[in-house]
Structures are given as C-alpha cells and as structure tokens.
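The lines below spell out each chain.
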Amino acid sequence: MELLQNDLLLRAARGEKTERVPVWMMRQAGRILAEYRAVREKAGSFIQLATTPELAAEVTIQPVDLLGVDAAIIFSDILVVPEAMGLPYEMEEKRGPVFPKVVKTMGEIDQLRIADPEADLGYVLKAIRIVKKELNGRVPLIGFAGAPFTIFCYMTEGKGSKTFSVAKKALYADPEFSHKLLQKITDSTILYLKAQIAAGANLVQIFDSWAGILSPTQYREYSLPYIKQICDAITEVPVTVFAKGAFFARKEIGELSCEVVGLDWNMDIEESRQLIPTKTLQGNLDPCVLYSSFSQIEKEVRKMLDTFGNQRYIANLGHGVYPDTDPEKVRCFINAVKSY
C-alpha cells in the first residue's frame, strides 16, 4: 500500500472516518489558473498539451500547489478513448471537440479496435507516472474515463450537441448497432482504467456527462449495464460514478459496485442520502455560486456541508468549474470546506 501524507479522499471514498471533509473540483486543472494558460500556450494546442506527458503532469499538479485541493486528477480528455479505438478527434476553439469521421454502420464498428492502453494511450500512463513521482505521496491521484454512453454520443454525432439526436436516433432505430458499439467502448474503457490504476491512479471516476438526455428506460438499457461492467471489473481502487442529469437513476447507480456517487447541483442532498444510503456522496455546489461574493460562497458551502454531514462525503462542485471563475473565489470555496 502506498503511504500518502493526505489520504482523506481515499478514506472518505471507502467510508472510513475522516477528521475533515476532503475537497477537490472537476476541471480544477484548467483555464481558471493563469499558470495553466501559460503552459497551454507553450504547448500550442489543447491536444498537444494532453498528449505531452511532462506538460500534462505539470498542469495536473498545479491545483495541488496553487489551490490546496486534497487530490490531483490527471489532465486528459474523455475522448482519448475513441481516438485510441481508431476514431481521431480535433479540438476547435469555441466549438469544442469535433470528429471528422463518425461511426454509422456495423462494418465501421468492426473496423474499430479495442484500445491497447500501452500502445495507444501510453502518453496518459506516462503522465500518471510522472505525476506520482512528483507528488511524492502528498495527495492521491484520480484517474478517469467517459462512460460508454457519453463516448457513444460523440462517436455517432461527431461533435457536442444539446440534444444528441443522432446518437439517440441510433438507440431507437438500431439497438443492435448501439449495443455492439457500446460494448466495444466498454471493453476499451475497462482496459484503459486498469492501466491507469497500474500506473498509479488511486481512485477512478466515470463521467457520464450526457446521462441526462436519456429517458429512465433508455438509461437502464443503454448506460447503466455498461457502467456496471466497468464497476464490476475495477476492484483495485475505489470507483466514483458521476452521471450528470440522471437524477432518476440515483437509486440504481447507488446499487452499482462503486464506492462513490457524484451528484450534480440539481440533485437534492437529503433525498440522495435516502436513495443511496450505503455509499459516499460527492458534490454538489452549483459552479455559479463561485461568481458570488466571498461571504456568500462561505455561507453556501456551510449550508451544503451541514446537509451532507462530515462523513462519507467528498466536497466538490455539481459540475466542472467554469473557466472564467476568479481563482480567489475558488480558493474561498476550498478553504471554506477545509475550515468547516
């Protein structure tokens, strides 16, 4: 077992007693920090930054040094998995990720490969190894991947969307195609997360960013079974499932073999505790609270922590921190949790 100077996050994840609530933020390594923007400029592009292990490691560690969070999360992107399967993407300024080619037919699924983490994603694993060496046990490192349905959305739609109607059309019109592609994504994701753990990740998070566009019935058929396969396969470290918008599936997510359930800001805390009585919860401050005054941020954080309680809980936002948030307000949020 690795000896960590600060293992609050891992103890909270496992449901053990903690002296205080651990805190980190989704998208903490990013544009909120001027230091990140400087490295991003040096890299030349987002993809260049994510695929250069030394630079990815540098921005992974920045929030630990500059903000005092209780965990680092490896700087990467959920879309490295489709790329590793043979479907490359580009990152366009102001538009986000774009896939020049999408998957439409059974034959195109056959052309995709199951990702080989060492060969296809070695740059992420190398970044993890550098981070572990440089963190030197200060805080845990979180690894992550996109949930199969969320990845499926991008691989069939080719870009971000408010409705993902192309992806949803596939679920209704061609269930066989949909399940086949989802299974291939799942197989790749399991191998990738296991490789992250072998490289040193202490906990892994599954991001189902587009969970909320599905009906409860479709979520039960096209998302939950594949997340379940991943949770069942990862036995080495704690697993967090964060399904944004899937308030209707909280009870079922709570029954998966994961240790932590992430909540977005639309999910009522007390109701979530009743629906998920045996897991650690993570979340769920509205990121927009960080635009308010320092005293308002402190008040909202206290209210949130009073409701969650100080055990079996990891403080976070209910989604990623927005890029134009003042870093001082972010520090205020983190310090408010720590001094609770």
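Analysis parameters
Residues numbered from 1 in each chain as written. Predicted model: local features only at pLDDT ≥ 70, side-chain atom pairs only at ≥ 80, totals over all residues. Heavy atoms only, no water. Helix = DSSP H or I, 4+ residues; strand = E, 2+ residues; numbered from the N terminus. Buried < 20%, exposed > 50% of the residue type's maximum accessible area, 1.4 Å probe, protein only. Lys, Arg positive; Asp, Glu negative; His and termini not counted. Charge placed at Lys NZ, Arg CZ, Asp CG, Glu CD. Arc of directions from axis to C-beta. Contact = heavy atoms within 4.5 Å. Pairing = 2+ DSSP bridges. Core = buried A, V, L, I, M, F, W, Y, C linked by side-chain atoms within 4.5 Å. Axes fitted to C-alpha atoms, helices over the stretch in contact; angles between N-to-C directions. Parallel < 35°, antiparallel > 145°, perpendicular 65-115°, else oblique. Phe/Tyr/Trp six-rings, centres within 6.5 Å; stacked < 30°, edge-to-face > 60°. Disulfide = S-S within 2.5 Å. Salt bridge = Lys/Arg side-chain N within 4 Å of Asp/Glu carboxyl O.

## Remarks on the overall build of the protein
A tally of helices and strands in the protein yields 17 helices and 9 strands. The dimensions of the protein, computed from C-alpha atoms along their principal axes, are 55 × 45 × 40 Å. Residue burial in the protein is summarised as follows: out of 340 residues, 59% are buried. Of the charged side chains in the protein, 40 are positive and 43 negative; the average position of the first set lies 2 Å away from that of the second.

## Digging into helix 2 (residues 34–43)
Owing to its 3.6 residues per turn, the α-helix aligns residues three or four sequence positions apart on the same side. Taken as a whole, helix 2 has its buried residues at Tyr36, Val39, Arg40 and Ala43. Buried residues of helix 2, viewed axially, fall in a sector of 100°; they line one side. Exposed and facing more than 90 degrees away from the buried side of helix 2 are Glu41 and Lys42. At its buried positions, helix 2 is contacted by helix 3 (46–50) and helix 4 (53–67).

## Some points on the pairing of strand 6 (residues 239–243)
Along strand 6, 5 of the 5 residues are buried, which leaves the element largely enclosed by surrounding structure. Burial of strand 6 is two-sided: the residues Val239, Val241 and Ala243 facing one way and the residues Thr240 and Phe242 facing the other way are all buried. For strand 5 (residues 203–208) and strand 6, the ladder comprises 5 bridges, and the chain directions are parallel. In the sheet register, Ile206 faces strand 6, and the bridge partner there is Val241.

## Examining the nonpolar core
By size, the foremost hydrophobic cluster in this structure holds 134 residues, and its most contacted members are Phe152, Tyr219, Ile253 and Phe333. In contact with Tyr219, other than residues within four places in its own chain, are Asp208, Ala211, Leu214, Leu224, Pro225, Ile227, Ala243, Ala246, Phe248, Ala249 and Ile253.

## Details of the packing of helix 9 (residues 148–157) against helix 10 (residues 165–173)
Closest axis-to-axis distance for the helix 9/helix 10 pair is 8 Å, and the angle between their directions is 105°. Relative to helix 10, the element helix 9 lies roughly perpendicular. Contact with helix 9, carried on its side by Phe149, Phe152, Cys153, Thr156 and Glu157, involves Ser165, Val166, Ala167, Ala170 and Leu171 of helix 10 and no other residues of that element.

## Considerations on the sheet that holds strand 6
The 7 strands lie next to each other as 1-4-5-6-7-8-9, forming an open sheet whose pairing is parallel. Where the open sheet ends on each side, the last strands, each with one partner, are strand 1 (72–73) and strand 9 (313–317). Along the sheet, helix 13 (residues 224–233) makes contact with strand 5 and strand 6, crossing strand 5 at roughly 175°.

## Observations concerning the packing of aromatic side chains
For the structure on display, the rule yields 13 aromatic pairs. Between Phe144 and Phe207, the ring centres sit 5.6 Å apart and the planes meet at 85°, which makes this aromatic pair edge-to-face. In this pair, Phe144 sits in strand 4 (residues 141–146) while Phe207 sits in strand 5, placing the two residues 63 residues apart along the sequence. An aromatic cluster is defined as three or more aromatic residues linked by ring pairs; in this entry it consists of Tyr36, Phe46 and Phe75.

## Some words on the pairing of strand 4
Most of strand 4 sits inside the fold, with 6 of its 6 residues counted as buried. A two-sided burial pattern is seen for strand 4, the buried positions comprising Leu141, Gly143 and Ala145 on one face and Ile142, Phe144 and Gly146 on the other. When strand 1 meets strand 4, the two strands line up parallel, connected through 2 bridges. Looking across to strand 4, one finds that Ala72 is bridged to Leu141. Pairing analysis gives 5 bridges linking strand 4 to strand 5, with the strands arranged parallel. Bridge pairing in strand 5 places Gly143 opposite Val204.

## Looking at the state of the cysteines
This model, assessed by the stated rule, comprises 0 disulfides. Of all cysteine sulfurs in the structure, the one in Cys258 sits closest to Cys231, which takes part in no disulfide; the separation is 4.9 Å. Using a relative accessible area of 3% as the deciding quantity, one classes Cys258 as buried.

## What about unusual backbone geometry?
Omega for the bond connecting Gly283 with Asn284 falls within 30 degrees of zero, at -15°, which places this linkage in the cis form. Position of Asn284 among the secondary structure elements: in strand 8 (residues 280–285). Phi is positive for Asn136, which is not a glycine, with a value near 50°. Structurally, Asn136 is set in the loop between helix 8 (122–135) and strand 4. For Asn136, a relative accessible area of 59% gives the class exposed. Phi at Arg312 is positive, roughly 50°, even though this residue is not glycine.

## Topic: the pattern of salt bridges
Applying the stated criterion to the full structure yields 18 salt bridges. For Arg40, the salt bridge identified is with Glu93, shortest N-O distance 2.7 Å. Note that Arg40 is positioned in helix 2 and Glu93 in the loop between strand 2 (90–92) and strand 3 (96–98), a separation of 53 residues in sequence. Look at Glu93 and you get exposed, because its relative accessible area is 61%. For Glu255, the salt bridge goes to Lys251, with nearest N and O atoms at 3.0 Å. Of the residues examined, Lys251 reaches a relative accessible area of 47% and is grouped as partly exposed. A single salt-bridge network, built from bridges that share partners, covers Asp7, Arg11 and Glu19.

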